[in-house]
Amino acid sequence: MSVSVTPETSFWLRHEFAIRRLHSLLGIVPLGLYMVIHLLTNASLLNGPETFQRSVYLIHSPGKLLPLIEWGFIFAPLIFHAVLGVWIARTGRSNASQYHYANNQRYSWQRWTGFIALVYLFFHILHLHGWFHAELYLELARQLGFATFRPYNAASTLVAAMQGYVWPAFYLVGVMACVYHLANGLWTAGITWGLWISPQAQERASKLCLVLGIGLAIVGASAWWAAVSPGEEEIEQWVEVENRMYDVATEAGLVTPNPEKRLESAEEEVPDEVEVRITVTD
Ligand code: HEM
Ligand code: HEM
């Protein structure tokens, strides 16, 4: 069977070495590192809304620089890795034989979980973050039920966004797919970078990645449970906790006031609170 060389395949052939390494590197740093920190942060909600809110304040402390950091260190590498991943998978240049996979199944799962991660992350980011922060766009997205997360009402808006069955089921599949993709991806990356070459070394590395994967699956499941298990009652109580934290944090100069990052109802409450305080001191 003859293989036709299109401009696309010839570009691939000329740069395969560099492309594979760039793809692999982005999967580990920043994406893999980000995912571990992200899941740990979300799992911290198990300790209560205060712990989670403090972490979110810290993440949002760069203020106006945050979109730049998000796009430069998360979204751009993610899009790049995803596009390259789809390209690698579509050009069908399996490295399975080259890397002596003990089980080809693992390699096809790496690709399948990549595709699941693509769908999951597109909707996950749209659902909570919204992708962009332009005012008009956000208004429209919110009307459609997206961009629901408000960083200054972190726990309550996260939990409110995860009510029902559809999103929780979608998240469970998405998170577990990402965990598999990272844990097995670390193992294949070790091969890409020549860290484990002999069958024995690959076997030992397999076990290490399995342990890492199980650990990360526990953290991911905790983050998922922390977001899906609370109900309406907690949401109401947590909004109050978050608003108290916001008042104190802005007064102390620890948080830059920003109504966009709060619930509209929380913003409306401010004049009432001022009024109450004045009444008390009078
Ligand atoms: C957004 C959608 C994503 C797609 C479509 C995707 C696709 C892929 C594909 C197809 C591979 C196998 C490449 C090969 O044949 O060697 C792969 C490898 C990998 N991916 Fe992803 N991926 C995605 C997201 C992620 C994320 C979020 C992470 C980190 C948490 C990640 C980390 C990795 C790692 C570490 C590897 C192994 C690289 C290597 O073998 O050298 N990927 N990805
Ligand atoms: C149950 C699990 C998860 C929960 C509760 C969760 C929660 C959140 C929340 C609340 C945001 C909005 C943050 C903000 O706007 O400040 C967010 C954004 C994001 N999440 Fe997740 N997430 C989960 C799993 C994942 C996984 C597995 C990945 C894979 C890498 C991921 C990747 C992202 C990315 C890239 C963003 C946008 C960047 C950012 O705002 O930090 N998430 N997530």
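In this text the structure is predicted, and so the values were computed from the model without any measurement. (Residues numbered from 1 in each chain as written. Chains lettered and ligands numbered in written order. Predicted model: local features only at pLDDT ≥ 70, side-chain atom pairs only at ≥ 80, totals over all residues.)

Glancing now at the overall build of the chain. Counting its regular elements, the chain contains 10 helices and 0 strands. When the helices and strands of the chain are listed from N to C terminus, the series reads α-α-α-α-α-α-α-α-α-α. Looking at the chain as a whole, 22% of its 282 residues qualify as buried. In the chain, the share of contacts with a sequence separation of at least 24, taken over all contacts with a separation of at least 6, comes to 76%. (Helix = DSSP H or I, 4+ residues; strand = E, 2+ residues; numbered from the N terminus. Buried ≥ 20, exposed ≤ 12 C-beta atoms within 10 Å, placed from the backbone. Contact = placed C-beta atoms within 7 Å.)

Moving on, we get to the nonpolar core. Counting residues in hydrophobic clusters, the biggest one holds 32 residues, and the most contacted among them are Ala 155, Cys 178, Val 179 and Ala 227. When contributions to this core are tallied by element, the ones reaching two or more residues are helix H1 (7–43), helix H2 (49–59), helix H6 (154–161), helix H7 (166–192), helix H8 (199–228) and helix H9 (232–251). When near neighbours in sequence (up to four residues on either side) are disregarded, Cys 178 contacts Met 35, Ala 117 and Tyr 120. (Core = buried A, V, L, I, M, F, W, Y, C linked by C-beta atoms within 7 Å.)

Turning our eyes to something else, we now look at the site of ligand 2. Every one of the 19 residues lining ligand 2 counts as a neighbour, but Met 35, Asn 42, His 129, Cys 178 and Trp 224 are closest to it. Only H1, helix H3 (66–90), helix H4 (104–129), H7 and H8 provide two or more residues apiece to the shell around ligand 2. In terms of residue count, the dominant contributor to the shell around ligand 2 is H4 (5 residues). A class-by-class count of the residues in the shell around ligand 2 yields 14 nonpolar, 4 polar and 1 charged. (Near = placed C-beta within 6 Å. Nonpolar A, V, L, I, M, F, W, Y, C, P; charged D, E, K, R; others polar.)

This next bit is on H6. Three or four residues apart is the spacing at which side chains of an α-helix point the same way, because the helix has 3.6 residues per turn. H6 sits mainly inside the fold: 6 of its 8 residues count as buried. Of the surrounding secondary structure, the elements contacted by the buried residues of H6 are H2, H8 and H9.

By nearness alone, 29 residues border ligand 1, and Ser 24, Gly 27, Gly 85, Gly 114 and Gly 185 come closest of all. At the level of elements, H1, H3, H4 and H7 are the ones that each hand at least two residues to the shell around ligand 1. Considering each element in turn, the shell around ligand 1 owes the most residues, 8 residues, to H7. Here the residues of the shell around ligand 1 are counted per class, giving 16 nonpolar, 12 polar and 1 charged.

Per-chain confidence: the chain averages 90 in pLDDT, with 88% of residues scoring 70 or above. Low pLDDT, under 50, characterises residues 271–282; the stretch is placed with 0 contacts to residues that sit more than four places away or in other chains. (pLDDT = per-residue confidence, 0-100.)

Turning to H2, a few remarks are in order. Within H2, the full set of buried residues consists of Pro 49, Phe 52, Gln 53 and Val 56. For H2, the angular spread of the buried residues around the axis is 100°, confining them to a single face. Those residues of H2 that are buried lie in contact with H6 and H9. (Arc of directions from axis to C-beta.)

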